[in-house]
Amino acid sequence: MRRLEIEGLSVRLPRGADRAFAIEEVSLHLDAGEILCVVGESGSGKSVTAAAVMGLLAPGLSVAAGRMRLSGEDLGGKSPEEWRRLRGRRVAMVFQEPMTALNPVMRVGAQLAEMWRVHLGLDRREAEARALSALREVNLPDPEGALRAFPHELSGGQRQRVMIAMALALEPEVLICDEPTTALDVTTQAQVLALIRDLQRRHGTAVMFITHDFGVVAEIADRVAVMQHGRVVEQGAAREILTRPAHPYTRALLAAVPGVAAPAPRLLSPDAVLEVRGLSKTYAARGLFRRRRPVRALADVSLTLRRGATLAVVGESGSGKSTLARCVVGLLGADGGEIVIGGAPLPRRRREAARLVQMVFQDPYASLNPRRRAGAQVAQGPIAAGVPPGKALEEARRLFALVGLDPAAVTRFPHEFSGGQRQRIGIARALALQPQVLVADEPVSALDVSVQAQVLALLRDLQARLGLSILFITHDLRVAAQLCDEVAVMRQGEVVEAGRIGEVFAAPRHPYTRSLIEAIPGRALLGR
Amino acid sequence: MRALRAYLRSPPALIGSAILLAVLFMAATAQWFYPNDPLGLAGRPLQWPGANPRFPLGTDPSGRDIAAQLFHGARVSLLIGIVATAIAVLIGIAMGAVAGFYGGWVDTGLMRVTEAFQTLPNFLLLLVLVAVFGSGIETVTVAIGLVSWPPVARLTRAEFLTLRTREFVQACRVQGLSDAHLILREVLPNALPPVIVYASVVMAVAILLESALAFLQLSDPNVPSWGNLIGLGRNVLRTEWYVSAIPGVAILLTILGVSLVGQGLNDALNPRLASGR
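Residues numbered from 1 in each chain as written. Chains lettered and ligands numbered in written order. Predicted model: local features only at pLDDT ≥ 70, side-chain atom pairs only at ≥ 80, totals over all residues. Heavy atoms only, no water.

Digging into the overall build of chain B
At step 1: For chain B, the helix and strand inventory stands at eleven helices and zero strands.
At step 2: Along the three orthogonal principal directions, the C-alpha set of chain B runs to about 75 × 45 × 30 Å.
At step 3: Restricting the contact set of chain B to residue pairs at least 6 apart, pairs at least 24 apart contribute 71%.
At step 4: Accessible area of chain B: about 13,000 Å², with a carbon and sulfur share of 69%. (Helix = DSSP H or I, 4+ residues; strand = E, 2+ residues; numbered from the N terminus. Contact = heavy atoms within 4.5 Å. Areas by Shrake-Rupley, 256 points an atom, 1.4 Å probe, with all protein chains shown as cover.)

Some remarks on the overall build of chain A
At step 1: Check the secondary structure of chain A and you find 21 helices and 20 strands.
At step 2: In terms of C-alpha radius of gyration, chain A reaches 25 Å, essentially the compact-globule figure of 24 Å for 528 residues.
At step 3: Taken along its principal axes, the extent of the C-alpha atoms in chain A is 70 × 50 × 45 Å.
At step 4: In chain A, of all internal contacts separated by at least 6 residues, the share reaching a separation of at least 24 is 71%.
At step 5: When the accessible surface of chain A is totalled, it reaches about 23,200 Å², and 50% of it is carbon and sulfur.
At step 6: Averaging the locations of the 68 positively and 55 negatively charged side chains of chain A gives two centres separated by 5 Å. (Rg over C-alpha atoms; globule rule 2.2 N^0.38 Å. Lys, Arg positive; Asp, Glu negative; His and termini not counted. Charge placed at Lys NZ, Arg CZ, Asp CG, Glu CD.)

Remarks on the sheet that holds strand β5 (residues 73–74) of chain A
Residues and elements named next belong to chain A.
At step 1: With antiparallel pairing, the four strands of this open sheet are ordered in space as β2-β1-β4-β5. The outermost strands of the open sheet, each flanked by one partner alone, are β2 (21–31) and β5.
At step 2: In the packing of helix α1 (residues 46–54) onto the sheet, contacts are made with β1 (2–12), β2 and β4 (62–70), and the angle to β1 comes to roughly 115°. (Pairing = 2+ DSSP bridges. Axes fitted to C-alpha atoms, helices over the stretch in contact; angles between N-to-C directions.)

A short note on the domain arrangement of chain A
Residue and element names in this part refer to chain A.
At step 1: Per the domain assignment, the segments of chain A are domain 1 (2–255) and domain 2 (308–333 + 349–526).
At step 2: Distance from the C-alpha centre of domain 1 to the C-alpha centre of domain 2: 33 Å.
At step 3: Taken together, the contact between domain 1 and domain 2 spans 19 residues of the former and 16 residues of the latter.
At step 4: Taken together, the two surfaces of domain 1 and domain 2 that pack against each other cover about 1,400 Å², and 58% of this comes from carbon and sulfur.
At step 5: The largest share of the area that domain 1 buries against domain 2 comes from Glu41, Asp185 and Val186, three residues that together contribute 34% of it.
At step 6: On inspection of domain 1 and its partner domain 2, the count reaches four residue pairs in polar contact (both at pLDDT 80 or more). (Domains from an automatic or database assignment. Buried area = accessible area lost by both parts, 1.4 Å probe. Polar contact = N/O pair within 3.5 Å; in protein donor to acceptor, adjacent residues only side chain to side chain.)

So, the interface of chain B and chain A
At step 1: Chain B puts 19 residues into the contact, and the matching count from chain A is 26 residues.
At step 2: At the boundary of chain B with chain A, the tally comes to two salt bridges.
At step 3: Where Arg350 of chain A meets Asp179 of chain B, a salt bridge forms, and the shortest distance between an N and an O atom there is 2.7 Å.
At step 4: For the pair chain B and chain A, the number of links is 15 residue pairs in polar contact (both at pLDDT 80 or more).
At step 5: Sorting the residues of the side of chain B that touches chain A by element identifies α7 (167–174) and α8 (179–215) of chain B as the ones contributing at least two each.
At step 6: With eight residues, α8 of chain B is the largest single contributor of residues to the side of chain B that touches chain A.
At step 7: Of the residues belonging to the side of chain B that touches chain A, the class tally is eight nonpolar, six polar and five charged. (Salt bridge = Lys/Arg side-chain N within 4 Å of Asp/Glu carboxyl O. Nonpolar A, V, L, I, M, F, W, Y, C, P; charged D, E, K, R; others polar.)

Notes on the pairing of strand β11 (residues 272–283) of chain A
All names here are of chain A.
At step 1: Inspection of the sheet shows β11 paired to strand β12 (residues 295–306) by eight bridges, in the antiparallel sense. Looking at the pairing, Glu275 lines up with Thr304 of β12.
At step 2: When β11 meets strand β14 (residues 336–341), the two strands line up antiparallel, connected through five bridges. If you follow Arg277 over to β14, its bridge partner there is Glu338.

As for the packing of aromatic side chains
The description of an aromatic ring pair uses the distance of the two centres, along with the angle that the planes make with each other.
At step 1: Under the defined criterion, the tally for this structure stands at five aromatic pairs over all chains.
At step 2: Cluster of aromatic residues (ring-pair linked, three or more members): Trp32, Phe33, Tyr34 and Phe71 of chain B.
At step 3: Positioned above the aromatic ring of Phe417 of chain A, the side-chain terminus of Arg412 of chain A is 5.0 Å from the ring centre. (Phe/Tyr/Trp six-rings, centres within 6.5 Å; stacked < 30°, edge-to-face > 60°. Lys NZ or Arg CZ within 6 Å of the ring centre and 35° of its normal.)

Some remarks on the pattern of salt bridges
At step 1: Under the criterion given, the structure shown has 39 salt bridges over all chains.
At step 2: Between Glu73 of chain A and Arg90 of chain A there is a salt bridge whose closest N-O contact spans 2.8 Å. Taken together, the positions of Glu73 of chain A in strand β5 and Arg90 of chain A in the loop between α2 (80–86) and β6 (91–94) put the pair 17 residues apart, joining distant regions of the chain.
At step 3: The shortest N-O distance in the salt bridge between Glu115 of chain B and Arg154 of chain B comes to 3.7 Å. Pair noted here: Glu115 of chain B is in helix α4 (residues 104–119) and Arg154 of chain B is in helix α6 (residues 137–163), with a separation of 39 residues, a long-range link.

Some remarks on the packing of α7 of chain B against α8 of chain B
Helix-helix packing: each pair is described by the crossing angle between the helix axes and the interaxial distance.
Residue and element names in this part refer to chain B.
At step 1: Running from N to C, α7 and α8 point in directions that differ by 170°, and their axes come no closer than 11 Å. The angle between the axes of α7 and α8 places the two elements in the roughly antiparallel class. Contacts between α7 and α8 pair Phe168, Val169, Cys172 and Arg173 from the former with Leu182, Glu186, Val187 and Asn190 from the latter.
At step 2: Partitioned by chemical class, the residues of the contact of α7 with α8 number five nonpolar, one polar and two charged. (Parallel < 35°, antiparallel > 145°, perpendicular 65-115°, else oblique.)

Section: a nonpolar patch on the surface
Residues and elements named next belong to chain B.
At step 1: A grouping of Leu4, Leu8 and Leu14 is seen on the molecular surface, where their side chains present a nonpolar patch of about 270 Å² in accessible area.
At step 2: Residue placement: Leu8 occurs in helix α1 (residues 2–9).
At step 3: Leu8 sits in the partly exposed class, given a relative accessible area of 49%. (Patch = residues over 30% accessible without salt bridge, like charges linked within 9 Å, V, L, I, M, F, W, Y side chains within 5 Å. Buried < 20%, exposed > 50% of the residue type's maximum accessible area, 1.4 Å probe, protein only.)

Describing the nonpolar core
Residue and element names in this part refer to chain A.
At step 1: Trp116, Leu135, Ile164 and Phe209 are the most contacted members of the largest nonpolar core, which totals 59 residues.
At step 2: Ranked by the residues each element gives to this core, the list is headed by helix α7 (residues 156–168), at seven residues.
At step 3: Among residues more than four places away in sequence, those in contact with Trp116 are Gly121, Leu122, Ala127, Arg130, Ala131, Ala134, Ala169 and Leu170.
At step 4: Membership of the second largest hydrophobic core comes to 53 residues, among which are Leu402, Leu405, Val455 and Ala519. (Core = buried A, V, L, I, M, F, W, Y, C linked by side-chain atoms within 4.5 Å.)

Quick word on the sheet that holds β14 of chain A
At step 1: Read from one edge to the other, the open sheet built from four strands follows the order β12-β11-β14-β15 (chain A), with strand pairing classed as antiparallel. Of all strands in the sheet, those with a lone pairing partner are β12 and β15 (344–345) of chain A, marking the two edges.

Observations concerning α4 of chain B
All names here are of chain B.
At step 1: Under the 1.5 Å per step criterion, the end-to-end length of α4 is 22 Å for 16 residues, consistent within 8% with the ideal 22 Å.
At step 2: Within α4, the full set of buried residues consists of Asp107, Leu110, Met111 and Thr114. Angularly, the buried residues of α4 cover 100° about the axis, an arc narrow enough to put them on a single face. Of the exposed residues in α4, those oriented more than 90 degrees away from the buried face are Trp105 and Thr119.
At step 3: Looking at the buried residues of α4, the elements they touch are α3 (66–102) and α6. (Expected span 1.5 Å × (residues − 1). Arc of directions from axis to C-beta.)

Here it is, written out as structure tokens:
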């Protein structure tokens, strides 16, 4: 039975945007009991499609052509009041960020109960009873406790379960999931995907699942629609598209999905350029009245990075890997242990440490000053170290060329570059001081897969040419396998397993490593 | 450039700019239209506006030309507004930047000082300063600046607190740049827009504070400020109300102009807040 039908839908962008339409002539259909994955990179129009179906287009966007039908009923020309009655009851949505989608000052139980009180007019007792059974259904460990909890007291995965419970509360005909697992750790992601699949089967809901990750698609989709620049370029059965993609864009996207199998091991230099010995760091419980548990971010961490090699530090959020990166570059002081670079302890003085170790940051949008020219930001480190400004700027041009940017672009401002280009600027900035060690903190996790592959290739190329030693922090095991020689797996501030990456991934000894590898989405179908 | 275009498109900003330009015009041409001392005796006291073609706005209780005082007063009011605002903004930014950037006990210390200033009503503090240091126009201006900086400091500090943890600031730390560079080149330019907008409020308040002092006859009596003129009219308020009303309207319009410019700046510099309107 057709639950949702979209025919030739076009959504117009406001004047002055980079293109005229957000989506053009999009035709999709969704049957009862089926999961349709809409895949595409950022800017492909997948989220706009979802917003149109919810009647939640951002101000300035308008439907220019096409029809949408919900179980045969035309959605065109609905008044805001009619949309309101539709949303939640017949079409529901799960968002990417469960923290921002929940009201932070309202208890979870009250927010959940609101669904029945507002839409069905149930009284409080009855609504709360339904809330409790809904939380049981999404397998929350302590449903009674969760009812009384505030959103910040739950973990990311638990919050997303609450969101799913809320979305399914009124048994909607269509459920739209907009990147619901992107903000979650791999193991949690695997659980949430299994939950969505299970609930969808039990209720026969039609699910439109928006994602950029082909691994997730392989895990959950019945059918797939691939979007590029606002158009659906290919759609069909999941197995068909994943194994025999017809459109070149789909093929490129699939090829960009990294595998978990590591490339052949390289011969590594025996001498260590970076040694971390017994490092520990605890975030103390502060404040007179607030009682908080001290958080042990690093507990006796020891690692060795060999000269010219790449060491991956992998782990889920809260494992202490980012704290480790910040300690190694001197942004954070450790409580105990030592950091030795090139045979000497990391100097306390910022300027001296800068020549030894540099960092590439995660967010290409936040890591560049929006009000200063790109070239100046690359040259400022050498200038502070005493290089004459003219020479430093000349060097910045050379570095721009080295990382694959136009040397003339040094005079542009950060907002004139795309995310991938900005990350290249970040890499050029880190290389400007010719450090012995490069620390890369999740450098590709904010980028689209195809851009991700390009940046990884750039890092590999730079390493070969300049003999860089890289400490590579990531939560994504597939990315680590692409680039790294060795791996250290962290969990709750401790290194639980370390070794050559091929060996660790092929035969993990620690159960945690094993669970991380098993949770990688799409391994079975993609076969990598 | 984009901010400038947004500014020129907003009607309140244009009206405000026009009013301020008019006041500036008065200040600039005062010497030309009224070359004589505005505080000198000009004619019979308390002539109504229009009664004598020589005095289009009439004369005050001492027989001085109100129009001349209004023109020359524009200079004084603008000067006080600008200089006092500059003092307040400089102190406020310095305090707020250091407190917000370093945090910890530096922040605690500086913020306690700021709060100490804020707990006293600023007009009362101003009265004390003027009582102690005298009521010369320079003293009054500096004193107004000294009582107006705490909100600027708090605003700057709040901006610094969020900006200093941003990745681009950390990236600069890793590059070995000095704290002075981080504060002045990286954080401050990003923290400035709301402070600039707030400066318009400080300027409006500074002009009002001077008028209030003058009304109490505690400002410099030897300069032709608008406040002084209002103060002079106080004794004849019931019969010759125009003596106080004319400079009052001038103050009202000037402050309206400053506020409108501030609002226009706010819309131009924070486009996301403006689009909802």
